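Observations on the three-dimensional arrangement
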Amino acid sequence: MVPQNCSLKRILWYFLLEVFFIKVVLVAGRAGSGKTYLGEKIVEIAKSKNIRALQTEYSKYIKMYASEILGYDGSRENKPRKFLQDTGSFIRETLDDAHFFTRRMLEDFRIYEHYFDIVVVSDVRLIRELEDIKNSKYQDVVTIKVENSNSVYSLSEEEKNHITEKELADYLDFDYIVNNEFDMLNALAKRVVEGEK
């Protein structure tokens, strides 16, 4: 809210504080679908064009807990998926904080916008993780779903049936839905960086 009797310079300053100029790219998909690869490719192409870009994840918060509680080293080979899923569920359900991850990511964006032009969140798993960002003050949001029927990850039945593996299965409100084929992912990464829709 702009206070009354402000100078034009002060009004512009308030306006700039309320409008965020980074491009946010949200990449969704099941385990092993190629989300991380696409995020890395977007960042790689952006940097080759001297565009400041960062890849991050919603799961970084629970991975921090896994590191502190379990000694998790951050490697894919030792990923404690059940712990990560259970901790996310605990936060959303038991602590009754459905927006914990998106709220924290939006807070991070306030820092990132001073250092980056593009921020890629490469592990979207829930509808609210899309909707909360699309309904935020960030206007340039691109949503992508990566599909891959041949996942390289072997999940237990319990892990496959977790909400984070199933909720987006029939959700179609994405700017792009793409199969996990290198040529397609590389072409899409280039389009996203260049601002094509």
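For the structure given in this document, a descriptive report is provided here. Since we're looking at a predicted model, the values are computed, not measured.

A closer look at the pattern of salt bridges
- Per the counting criterion, the structure on display carries 12 salt bridges.
- Its salt-bridge partner being D117, residue R52 comes within 3.0 Å of it at the nearest N-O pair. In this pair, R52 sits in the loop between helix 2 (35-48) and strand 2 (53-56) while D117 sits in the loop between helix 5 (100-112) and strand 3 (118-124), placing the two residues 65 residues apart along the sequence.
- Relative accessible area serves as the criterion here: at 39%, R52 is assigned to the partly exposed category.
- Classification of D117 as partly exposed rests on a relative accessible area of 32%.
- In this structure, K134 engages D173 in a salt bridge whose closest nitrogen and oxygen atoms are separated by 3.2 Å. Within this pair, whereas K134 is found in helix 6 (residues 127-134), its partner D173 is found in the loop between helix 8 (163-166) and strand 5 (176-179), the two being separated by 39 residues in sequence.

Concerning helix 5
- Here helix 5 is 13 residues long and its end C-alpha atoms lie 18 Å apart, about the 18 Å a rise of 1.5 Å per residue gives.
- Of all the residues in helix 5, the buried ones are F100, F101, T102, M105, D108, F109 and Y112.

Considerations on the environment of V178
- Residue position: V178 is located in strand 5.
- Owing to a relative accessible area of 7%, V178 belongs among the buried residues under this scheme.
- Excluding residues that lie within four positions of it along the chain, V178 makes contacts with I144, K145, V146, E147, M184, L185 and L188.

Things to note about the packing of helix 5 against helix 6
- Where helix 5 meets helix 6, the axes come as close as 10 Å, and the angle between the chain directions of the two elements is 40°. Taken together, the axes of helix 5 and helix 6 are oblique relative to one another. Considering only the axes of helix 5 and helix 6, their crossing is right-handed. Packed against helix 5, whose contacting residues are T102, L106 and F109, the element helix 6 presents R128, E129, D132 and I133 at the interface.
- When its residues are assigned to classes, the contact of helix 5 with helix 6 shows 3 nonpolar, 1 polar and 3 charged.

Some words on the pairing of strand 4 (residues 138-147)
- Burial analysis of strand 4 places 7 of its 10 residues in the buried class, the great majority of the element.
- As defined by bridge partners, strand 4 adjoins strand 5 across 4 bridges and the pair is classed as parallel. What sits directly across from I144, in strand 5, is Y176.

Some words on the nonpolar core
- Core analysis: the biggest nonpolar cluster contains 27 residues, and V24, L26, Y58, F109 and V124 have the highest contact counts within it.
- Listed by contribution, the elements that provide at least two residues to this core are strand 1 (20-28), helix 3 (60-70), helix 4 (81-94), helix 5, strand 3, helix 6 and strand 4.
- Counting residues per element, this core draws most heavily on helix 5, at 5 residues.
- Sequence-distant contacts of V124, defined by excluding residues within four places in its chain, comprise L26, V27, A28, G29, K35, Y58, E129, L130 and L168.
- By size, the runner-up hydrophobic cluster in this structure holds 20 residues, among which are I45, V120, I144 and V178.

Cut-offs used in this document
- Residues numbered from 1 in each chain as written.
- Predicted model: local features only at pLDDT ≥ 70, side-chain atom pairs only at ≥ 80, totals over all residues.
- Heavy atoms only, no water.
- Salt bridge = Lys/Arg side-chain N within 4 Å of Asp/Glu carboxyl O.
- Helix = DSSP H or I, 4+ residues; strand = E, 2+ residues; numbered from the N terminus.
- Buried < 20%, exposed > 50% of the residue type's maximum accessible area, 1.4 Å probe, protein only.
- Expected span 1.5 Å × (residues − 1).
- Contact = heavy atoms within 4.5 Å.
- Axes fitted to C-alpha atoms, helices over the stretch in contact; angles between N-to-C directions.
- Parallel < 35°, antiparallel > 145°, perpendicular 65-115°, else oblique.
- Left-handed = near helix turned anticlockwise from the far one by under 90°.
- Nonpolar A, V, L, I, M, F, W, Y, C, P; charged D, E, K, R; others polar.
- Pairing = 2+ DSSP bridges.
- Core = buried A, V, L, I, M, F, W, Y, C linked by side-chain atoms within 4.5 Å.

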